[in-house]
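Examining the three-dimensional arrangement
Spelled out, the chains give:
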Amino acid sequence: MALRRSLIRRTAAPAAAAVAAVILAACGSSDSSPSSEPSGHGLGARSSAGTSATAPAARGSHDAQDVAFAQGMIPHHRQAVAMADLAPSRAKAQQVKDLAAKIKQAQDPEINTMSGWLKAWGEKVTDAATSGMDQSSMPGMDHSSMPGMMSGDDMAKLKDLSGDAFDKAFVQMMISHHRGAVEMAKTEQAKGAYGPARTMAKSIVTSQSAEITEMNKILGKQ
């Protein structure tokens, strides 16, 4: 009987050891599961980082239309400012002088803003000396083909006028000029991607449409 009990104890010991090994392995597997959690968080972190990295770019992104809008509207505005600069010494009607001053006051800051965008985007900014009055000095850049843009001859003729003749020509030309700007701005609203450019385009449509109405009233009085 003693021999039998001894054999039983010897047999039970390996079995207990085997059971303990299984239990320890299970515990080890359970303990190792948290170590896999950082890996899961790592994926989430990379995803979040990717989102946060692209978010500013999305908010500040621009496309070719935004570049075209700024590059076209800058010389367009500069020509309007050049026309407005003629009014104080040539216009007769105070209403025309006031309108010219309002146009210059509105468009000068917009020129600076759009120039800043183009510089930030690494795009070409039209030289102030080659926009506005002299269209012939811009090889490869025929701005007179833009909607509402006056030719060099048109600008020269306006410069030679004064009094009532200037007032009438100025208003007629500026109506056409504004209509062109509104057309360009509406294209930016429809196709542009850069938020501030689209906002400026909306402002141009609103303000210049109102000025067109005002100028038509001035023409009706002449």
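Please read all numbers here as calculations on a predicted model, not as lab measurements. (Residues numbered from 1 in each chain as written. Predicted model: local features only at pLDDT ≥ 70, side-chain atom pairs only at ≥ 80, totals over all residues. Heavy atoms only, no water.)

**Details of helix H6 (residues 195-221)**
Along its 27 residues, H6 runs 40 Å from first to last C-alpha, staying within 8% of the 39 Å computed at 1.5 Å per residue. Listing the buried residues of H6 in full gives Ala 197, Met 200, Ala 201, Ile 204, Val 205, Gln 208, Glu 211, Ile 212, Met 215 and Ile 218. Tucked into the core, H6 has its buried residues touching helix H2 (64-90), helix H3 (94-121) and helix H5 (163-191). (Helix = DSSP H or I, 4+ residues; strand = E, 2+ residues; numbered from the N terminus. Expected span 1.5 Å × (residues − 1). Buried < 20%, exposed > 50% of the residue type's maximum accessible area, 1.4 Å probe, protein only. Contact = heavy atoms within 4.5 Å.)

**Digging into the environment of His 76**
Looking at where His 76 falls in the secondary structure, it is placed in helix H2. Distance in space between the C-alpha atoms of His 76 and Ile 111 is 9.4 Å, their sequence separation being 35 residues.

**Comments concerning the nonpolar core**
Judged by nonpolar contacts, the single largest core of 24 residues is most densely connected at Met 83, Leu 158, Phe 166, Phe 170, Val 171, Met 174 and Met 215. Listed by contribution, the elements that provide at least two residues to this core are H2, H3, helix H4 (152-159), H5 and H6. Per-element accounting of this core gives the leading share, 7 residues, to H5. For Leu 158, the contacting residues outside a window of four places in its chain are Met 83, Leu 86, Arg 90, Phe 166, Ala 169, Phe 170 and Met 173. (Core = buried A, V, L, I, M, F, W, Y, C linked by side-chain atoms within 4.5 Å.)

**A look at the pattern of salt bridges**
According to the stated counting rule, one finds 4 salt bridges in the structure shown. Of the charged contacts in the structure, one is a salt bridge between Lys 104 and Asp 108, with a shortest N-O distance of 3.4 Å. In this pair, Lys 104 and Asp 108 are both assigned in helix H3, 4 residues apart and thus about one turn of the helix distant. A single network of salt bridges, built from pairs that share partners, joins Asp 85, Lys 104 and Asp 108. (Salt bridge = Lys/Arg side-chain N within 4 Å of Asp/Glu carboxyl O.)

**A closer look at the confidence of the model for the protein**
Chain-level pLDDT for the protein is 78 on average; 65% of the residues reach the 70-or-more range. When pLDDT is averaged over each element of the protein, H5 comes out on top at 98 and helix H1 (residues 2-60) at the bottom at 42. Scored below 50 in pLDDT, residues 11-15 shows 0 contacts in the model against residues more than four places distant or in partner chains. Of the regions scoring below 50 in pLDDT, residues 18-59 engages in 0 contacts with residues more than four places distant in sequence or in other chains. (pLDDT = per-residue confidence, 0-100.)

**Focus: the packing of H2 against H6**
Look at H2 against H6: their axes get within 11 Å of each other, and the N-to-C directions meet at 40°. When the axis of H2 is compared with that of H6, the two are oblique. Of the two elements, H2 crosses H6, and the hand of that crossing is left-handed. Contacts between H2 and H6 pair Asp 66, Phe 69, Met 73 and His 77 from the former with Ala 197, Ala 201, Ile 204 and Gln 208 from the latter. Within the contact of H2 with H6, the residues separate by chemical class into 5 nonpolar, 2 polar and 1 charged. (Axes fitted to C-alpha atoms, helices over the stretch in contact; angles between N-to-C directions. Parallel < 35°, antiparallel > 145°, perpendicular 65-115°, else oblique. Left-handed = near helix turned anticlockwise from the far one by under 90°. Nonpolar A, V, L, I, M, F, W, Y, C, P; charged D, E, K, R; others polar.)

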